[in-house]
Amino acid sequence: MSLPSKPVYTGGCQCGAVRFRVEGALGSVSICHCRMCQKAFGAFYAPLATAPENGLEWTRGAPKRYRSSNHVLRGFCAECGTPLTYEAPDGVALAIGAFDDPASVAPTKQWGIEAKLPYVDDLAALSSDRTETDGAASFLADLESFQHPDHDTESWPPKDRT
Ligand SMILES: [Zn+2]
Ligand SMILES: [Zn+2]
């Protein structure tokens, strides 16, 4: 008899200096509209997935942390600034956008709606286009991404860049 294998998730920051691995089922998967999450993510709301207890491992580097309140730390990459964690007494939540496969981590709950920005519910109705159709951004034609790929890598920083 073999035990069912636990789900495994990987992810990290934009530059690749900080990487994580989660083993086990994620807890609460949500977005938070509160004003502190807006600031910490520089965004309309924070997308967060709670890591299973003892299931989170930092496989490269570790986040720098800002104490945003007496109970909460906010983790981010000190090299590139990517928001990575919300660390509270009841657990550590990871930024969904930092996962290698964020499409597999769908939120099921909203928090902090007292601070929800008035236009958030209308975003899906905005005019929508693909990146390459932005004619004003001619630099996109020869754009070279320095972003870390969406999988674990042998070494960091990349040898072909400084
Ligand atoms: Zn980074
Ligand atoms: Zn919040």
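This section reports on the structure supplied with the text. Here the structure is a predicted model, which means the values were calculated and not measured.

### Topic: the side chain of Gln38
As for its position among the elements, Gln38 is in helix α1 (residues 35-41). Residue classification places Gln38 among the buried residues on the basis of a relative accessible area of 5%. A polar contact is formed between the side chain of Gln38 and the backbone oxygen of Ala115, at a distance of 3.0 Å. Excluding residues that lie within four positions of it along the chain, Gln38 makes contacts with His33, Ala43, Phe44, Ala115 and Leu117.

### A few points about the sheet that holds strand β8 (residues 83-88)
Taken in spatial order, the seven strands line up as β6-β7-β8-β9-β4-β3-β10 in an open sheet, and their pairing is mixed. At either margin of the open sheet sits one strand with a lone partner, and together these are β6 (64-67) and β10 (109-111). Within the sheet, the average angular offset between the axes of one strand and its neighbour, ignoring direction, is 30°.

### Regarding the sheet that holds strand β5 (residues 56-60)
On the basis of which strands lie adjacent, the open sheet formed by three strands has the order β1-β2-β5 and antiparallel pairing. Two strands in the sheet have a free side with no partner beyond their single neighbour: β1 (8-12) and β5. Strand-to-strand twist of the sheet, defined as the mean angle between neighbouring strand axes without regard to direction, takes the value 25°. Where β1 meets strand β2 (residues 19-23), five bridges bridge the pair, whose relative direction is antiparallel. Looking across to β2, one finds that Tyr9 is bridged to Val22.

Rules used throughout
- Residues numbered from 1 in each chain as written.
- Chains lettered and ligands numbered in written order.
- Predicted model: local features only at pLDDT ≥ 70, side-chain atom pairs only at ≥ 80, totals over all residues.
- Heavy atoms only, no water.
- Helix = DSSP H or I, 4+ residues; strand = E, 2+ residues; numbered from the N terminus.
- Buried < 20%, exposed > 50% of the residue type's maximum accessible area, 1.4 Å probe, protein only.
- Polar contact = N/O pair within 3.5 Å; in protein donor to acceptor, adjacent residues only side chain to side chain.
- Contact = heavy atoms within 4.5 Å.
- Pairing = 2+ DSSP bridges.
- Axes fitted to C-alpha atoms, helices over the stretch in contact; angles between N-to-C directions.

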